Amino acid sequence: FIPVRVTVDMYRAPPMVPLTIETRLVRDSRRIRVVDAEIISEGRSAGRASCQFLRRGENPVGTPWHGETWSVPHPESLPAGVAAPDTMFGLWEMRWMQGRMETAGLQRRVWMRENRELVAGEPLSPFARVAVAADYASPLSNTCGGRGYAFINSDLTIYIGRQPQGEWVGFESIGHEANEGIGIGHCNLYDVAGRIGWASACGLAQQVRVDIQASAAAASQA
């Protein structure tokens, strides 16, 4: 079995208190498994997730259309610049290839590598690296450029067609739509061997836009 789809609903930001994770095996059959998880903070639900696993098998005969994929430099061949304000205060190593968070009207392409452990003492698996990084699909596709993030995402769905390879995750913004304060965004996901899937998120327009550069400077001085 391989994990092929993760959907996360993020409806409350938990405070810095001990958290409880409750999991439930929803389906366990010969070809499909589904697991749900919920994060509990102060006795209340702060978010939930569902992960679907499918059994490995043989591809059917035929050649379906799969769309264009990028042709970009290997992340290790790109210069390692100083962490920019739009890298969430330097929490990831990033190699930009097209556009940036502060530019508007341009497609964005970037390599990202997580530089922290999700759980102390536990090395990140390639799938965990994608799952942790994929939340970046929302700001990458929904940010309008200029000051701050225009939308804050309330959910995230990731589809993975194969097991990721290596530490680097590539993002390519593909689409954005917005109306009446609600935005949706979509990104292709890559590893060094090619496209592995995509990530989509919907978001609510923020009434107060935060200056990322000022926030990053304040965080670095704290």
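As the structure is a computational prediction, the values presented were derived from the model and not from experiment. (Residues numbered from 1 in each chain as written. Predicted model: local features only at pLDDT ≥ 70, side-chain atom pairs only at ≥ 80, totals over all residues. Heavy atoms only, no water.)

Chemist: It is not clear to me how the layout of surface pockets should be interpreted in this structure. Could you clarify?
Modeler: Where empty space is left in the structure can be found by rolling a water-sized probe over the atoms. Estimates place the volume of the second largest pocket at around 340 Å³. Surrounding the second largest pocket, 13 residues form its lining, Gly 161, Arg 195, Ile 196, Gly 197 and Trp 198 being those nearest its centre. Put simply, the parts of the chain that give the lining of the second largest pocket at least two residues each are strand E8 (155-160) and strand E11 (194-205). In terms of residue count, E11 provides more of the lining of the second largest pocket than any other element does, five residues in total. Across the lining of the second largest pocket, the residue classes tally to six nonpolar, five polar and two charged. (1 Å grid on protein atoms, 1.4 Å probe; cavity = no way out; pocket = protein on both sides within 12 Å on 5 of 7 lines; lining within 4 Å. Points joined across faces, edges and corners; volume = space filled by probe spheres on them. Helix = DSSP H or I, 4+ residues; strand = E, 2+ residues; numbered from the N terminus. Nonpolar A, V, L, I, M, F, W, Y, C, P; charged D, E, K, R; others polar.)

Chemist: Even after reading the chapter, I still don't get the environment of Gly 185, so can you show me in this structure?
Modeler: Along the chain, Gly 185 turns up in strand E10 (residues 182-191). Given a relative accessible area of 6%, Gly 185 falls into the buried group. C-alpha of Gly 185 to C-alpha of Pro 139: the two residues are 46 residues apart in sequence and 8.5 Å apart in space. Once you skip the residues sitting within four places of it in the chain, Gly 185 turns out to touch Ser 141, Asn 142, Gly 175, His 176, Ala 199, Ser 200 and Ala 201. (Buried < 20%, exposed > 50% of the residue type's maximum accessible area, 1.4 Å probe, protein only. Contact = heavy atoms within 4.5 Å.)

Chemist: Help me understand the pairing of strand E2 (residues 19-28), please; the structure alone is not making it clear to me.
Modeler: Here is the key point about a regular strand: its side chains alternate between the two faces of the sheet. Relative to strand E3 (residues 32-41), E2 is paired through nine bridges, and the arrangement is antiparallel. Its bridge partner being in E3, Arg 27 is matched across the sheet by Val 34. Connecting E2 to the next strand, E3, in antiparallel fashion are three residues. (Pairing = 2+ DSSP bridges.)

Chemist: I keep staring at a nonpolar patch on the surface and nothing clicks. Help me out?
Modeler: A surface patch of nonpolar side chains, amounting to about 290 Å² of accessible area, comprises Ile 152, Ile 182 and Leu 204. Within the secondary structure, Ile 152 sits in strand E7 (residues 151-153). (Patch = residues over 30% accessible without salt bridge, like charges linked within 9 Å, V, L, I, M, F, W, Y side chains within 5 Å. Areas by Shrake-Rupley, 256 points an atom, 1.4 Å probe, with all protein chains shown as cover. Salt bridge = Lys/Arg side-chain N within 4 Å of Asp/Glu carboxyl O.)

Chemist: Is there a simple way to think about the packing of aromatic side chains in this case?
Modeler: The relative placement of two aromatic rings is captured by the distance of their centres and the angle of their planes. Per the stated rule, a full pass over the model turns up four aromatic pairs. Ring geometry for Trp 70 against Trp 111: centres 5.2 Å apart, planes inclined by 55°, an arrangement best described as tilted. Placement of the pair is Trp 70 in the loop between strand E4 (44-54) and strand E5 (92-98) and Trp 111 in strand E6 (residues 109-114), with a sequence separation of 41 residues. Assigned by exposure class, Trp 70 and Trp 111 land together as buried. (Phe/Tyr/Trp six-rings, centres within 6.5 Å; stacked < 30°, edge-to-face > 60°.)

Chemist: How do you make sense of the confidence of the model for the protein chain when you look at a structure like this?
Modeler: The predicted model of the protein chain has a mean per-residue pLDDT of 87, with 87% of residues at 70 or higher. Below pLDDT 50 for its whole length, residues 82-86 participates in twelve contacts with residues either more than four positions away or in separate chains. Across residues 209-214, confidence stays below pLDDT 50; counting only partners more than four residues off in sequence or on other chains, it has 15 contacts. (pLDDT = per-residue confidence, 0-100.)

Chemist: Hey, could you run me through the pattern of salt bridges in this one?
Modeler: Close approach of charged atoms allows side chains of opposite charge to pair. The tally for this structure, following the rule as stated, stands at eleven salt bridges. Arg 95 is the partner of Glu 93 in a salt bridge, and the nearest nitrogen-oxygen pair spans 2.4 Å. On the basis of relative accessibility, which here comes to 24%, the residue Glu 93 falls in the partly exposed class. Taking relative accessible area as the criterion, Arg 95 reaches 6% and is therefore assigned buried. Ionic pairing is found between Glu 167 and Arg 129, a salt bridge with its closest N-O pair at 3.7 Å. One end of the pair, Glu 167, is in the loop between E8 and strand E9 (169-179); the other, Arg 129, is in helix H1 (residues 126-133), and 38 residues separate them in sequence. When its relative accessible area of 38% is taken as the criterion, Glu 167 is described as partly exposed. Each member of the salt-bridge network shares a partner with another, and the members are Glu 76, Glu 93, Arg 95, Arg 113, Arg 129 and Glu 167.

Chemist: What is the right way to read the pairing of E3 from this model?
Modeler: As paired strands, E3 and E4 are joined by ten bridges and run antiparallel to one another. Among the inter-strand pairings, Glu 38 is bridged to a residue of E4, identified as Arg 48. Once E3 ends, the chain turns through two residues before running back antiparallel as E4, passing Glu 42 with a positive phi of about 55°.

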